[in-house]
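# An overview of the molecular structure
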Amino acid sequence: MDGIYQHFRPEEASVIDSLNEVIVRAKDEYRPILTHFLNPRQHFIADVLIGRFDDVKLKTFGGFSGSERKRILFYPEYYEPQDNDFSMSLLEINYPVKFAKLEHRTILGTLANCGLERDVIGDIITDGTKWQFFCEKEIEPYLLENIDRIGKVKVKLGEIPLQNAVSPIEEWDHATVVLSSLRCDVLISSVYNLSRKHVKDLLQTNKVSLNWMILSKADFEIRVHDVLSVRGYGRVRMDELTGVSKKGKFIAKVSVLKKLR
């Protein structure tokens, strides 16, 4: 197990330990065990860890094809997972569309203010008009009973079938960038055409996250598969380092998800 840690950042040790514990439980108890909703970085760590076990497999499901936050089911070889093993609900937010506007951050803030942890909520999605979100089935009654406003907007939540999920309008754009270094501030500045001073301000005011954890160090080095979230701008994912230019600059392929306006 010690050799695993060297492939990840020190701050990810607790994630590695908790996922490994769940895998070992599935192995020792010889039964499927379900996680909360996990982000893509946690999925990546789970994929690496599961390779160490011959008799435990995993399946992920977030409610729809292309979901970002998914629950993971770790299970022994004999078991055949079904969608209902993932125990999730899809809730639609009914609100006066002609007179009000909802935003992702307001919806997430309302859910957080209900005393819920982020990991019991899946993706929050929209087609530009309808808003929906996935949650663990066990907390659905609590949400239906306790949420009647999002911000200043009066709403009513209703459960709908998973297959009625809208097609999200968010789409990743792909680009190639040339970077003087692999520092996070250099990447953000290049992708969003921002001054280094402005990027520094964003970092110092906790508006930048790396792999879903707050990042404040401008000189933090980015690796392949890392995801930077920049509040007010969107996300950028480092997909591949393809080489070094004649001037010693890094050539990288990235994916950019712009913030919905």
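Everything quoted here is computed from the prediction, not taken from an experiment.

## Quick notes on unusual backbone geometry
Even without being a glycine, Ser87 presents a positive backbone phi close to 45°. Classification of Ser87 by relative accessible area gives buried; the value is 18%. A positive phi angle, near 55°, is found at Asn193, a position not held by glycine. With respect to the helices and strands, the residue Asn193 is situated in the loop between helix H6 (184–192) and helix H7 (196–204).

## Points about the packing of H6 against H7
Packing of H6 against H7 brings their axes to within 9 Å, and their N-to-C directions diverge by 120°. With respect to H7, the axis of H6 lies oblique. Pair H6 / H7 crosses with right-handed handedness. Counting all contacts with H6, which are made through Cys184, Asp185, Val186, Ile188 and Ser189, the residues of H7 involved are Arg196, Val199 and Leu203. Classifying every residue of the contact of H6 with H7 gives 5 nonpolar, 1 polar and 2 charged.

## Observations regarding the environment of Arg235
Mapped onto the elements, Arg235 comes out in strand E14 (residues 234–244). Note: C-alpha distance between Arg235 and Thr126 (109 residues apart in sequence) is 17 Å. Excluding its chain neighbours within four sequence positions, the residues that come into contact with Arg235 are Glu68, Trp172, Tyr192, Trp212, Val227, Leu228, Ser229, Ser255, Val256 and Leu257. In terms of polar contacts, Arg235 uses its side chain to reach the side chain of Glu68, at 2.2 Å.

## Let's talk about the UniProt feature "domain: RNA-binding S4" (unreviewed entry) in the protein
UniProt's feature table lists "domain: RNA-binding S4" (unreviewed entry) at residues 182–249, given in the numbering used throughout. Segment residues 182–249 splits into 26% helix and 29% strand. End C-alpha atoms: 9 Å apart.

## Topic: the sheet that holds strand E1 (residues 33–38)
Spatial ordering of the open sheet is given by E1-E3-E2, a layout of 3 strands whose pairing is antiparallel. Both outer strands of the open sheet, E1 and strand E2 (56–61), are each paired with one neighbouring strand and no more. The average undirected angle you get between the axes of adjacent strands in this sheet is 20°. Pairing between E2 and strand E3 (residues 70–76): 6 bridges, direction antiparallel. Paired with Leu58 across the two strands is Phe74, which belongs to E3. Each of E1, E2 and E3 touches helix H2 (residues 13–29); the most contacted strand, E1, lies at about 160° to it.

## Section: the packing of aromatic side chains
The tally for this structure, following the rule as stated, stands at 6 aromatic pairs. A ring pair is formed by Tyr78 and Tyr79, whose centres lie 6.1 Å apart and whose planes are at 90°; its orientation type is edge-to-face. Tyr79 gets classed as partly exposed once you look at its relative accessible area, which sits at 22%. The structure contains a cluster of three or more aromatic residues connected by ring pairs, namely Tyr30, Tyr75, Tyr78 and Tyr79. Above the plane of the ring of Phe37 lies Arg71, whose end atom (NZ or CZ) is 5.9 Å from the centre.

## Structural notes on the pairing of strand E5 (residues 121–126)
Most of E5 is tucked away, with 6 of its 6 residues classed as buried. In this structure, E5 lies alongside strand E6 (residues 131–136), joined through 4 bridges in antiparallel fashion. Residue pairing for E6: Ile125 is matched across the bridge by Gln132. Linking E5 back to E6 in an antiparallel pair, the connection comprises 4 residues, with Gly128 at a positive phi of about 105°.

## Some thoughts on the nonpolar core
Counting 25 residues, the largest nonpolar core has Leu179, Leu187, Ile188, Leu228 and Met238 as its most contacted members. For this core, the secondary-structure elements that each account for two or more residues are strand E10 (172–179), H6, H7, strand E11 (208–210), strand E13 (227–230), E14 and strand E15 (250–258). Apart from the residues lying within four places of it in its own chain, the contact partners of Ile188 are Asn193, Leu194, Val199, Val208, Leu228 and Val230. Judged by nonpolar contacts, the second largest core, of 21 residues, contains Tyr95, Leu111, Leu143 and Val153.

## A short note on the domain arrangement of the protein
The domain architecture assigned to the protein consists of domain 1 (2–84), domain 2 (86–162) and domain 3 (170–256). Contact with domain 3 buries surface across domain 1, with Arg9, Arg41 and Glu68 losing the most and accounting together for 60% of the total. Linking domain 1 with domain 3 are 1 salt bridge, by the criterion used here. Our count for the domain 1 to domain 3 interface comes out at 1 residue pair in polar contact (both at pLDDT 80 or more). The residue makeup of the side of domain 1 that touches domain 3, split by class, is 3 nonpolar, 2 polar and 5 charged.

Cut-offs used in this document
- Residues numbered from 1 in each chain as written.
- Predicted model: local features only at pLDDT ≥ 70, side-chain atom pairs only at ≥ 80, totals over all residues.
- Heavy atoms only, no water.
- Buried < 20%, exposed > 50% of the residue type's maximum accessible area, 1.4 Å probe, protein only.
- Helix = DSSP H or I, 4+ residues; strand = E, 2+ residues; numbered from the N terminus.
- Axes fitted to C-alpha atoms, helices over the stretch in contact; angles between N-to-C directions.
- Parallel < 35°, antiparallel > 145°, perpendicular 65-115°, else oblique.
- Left-handed = near helix turned anticlockwise from the far one by under 90°.
- Contact = heavy atoms within 4.5 Å.
- Nonpolar A, V, L, I, M, F, W, Y, C, P; charged D, E, K, R; others polar.
- Polar contact = N/O pair within 3.5 Å; in protein donor to acceptor, adjacent residues only side chain to side chain.
- UniProt positions renumbered as here; feature names shortened; annotations may be inferred.
- Pairing = 2+ DSSP bridges.
- Phe/Tyr/Trp six-rings, centres within 6.5 Å; stacked < 30°, edge-to-face > 60°.
- Lys NZ or Arg CZ within 6 Å of the ring centre and 35° of its normal.
- Core = buried A, V, L, I, M, F, W, Y, C linked by side-chain atoms within 4.5 Å.
- Domains from an automatic or database assignment.
- Buried area = accessible area lost by both parts, 1.4 Å probe.
- Salt bridge = Lys/Arg side-chain N within 4 Å of Asp/Glu carboxyl O.

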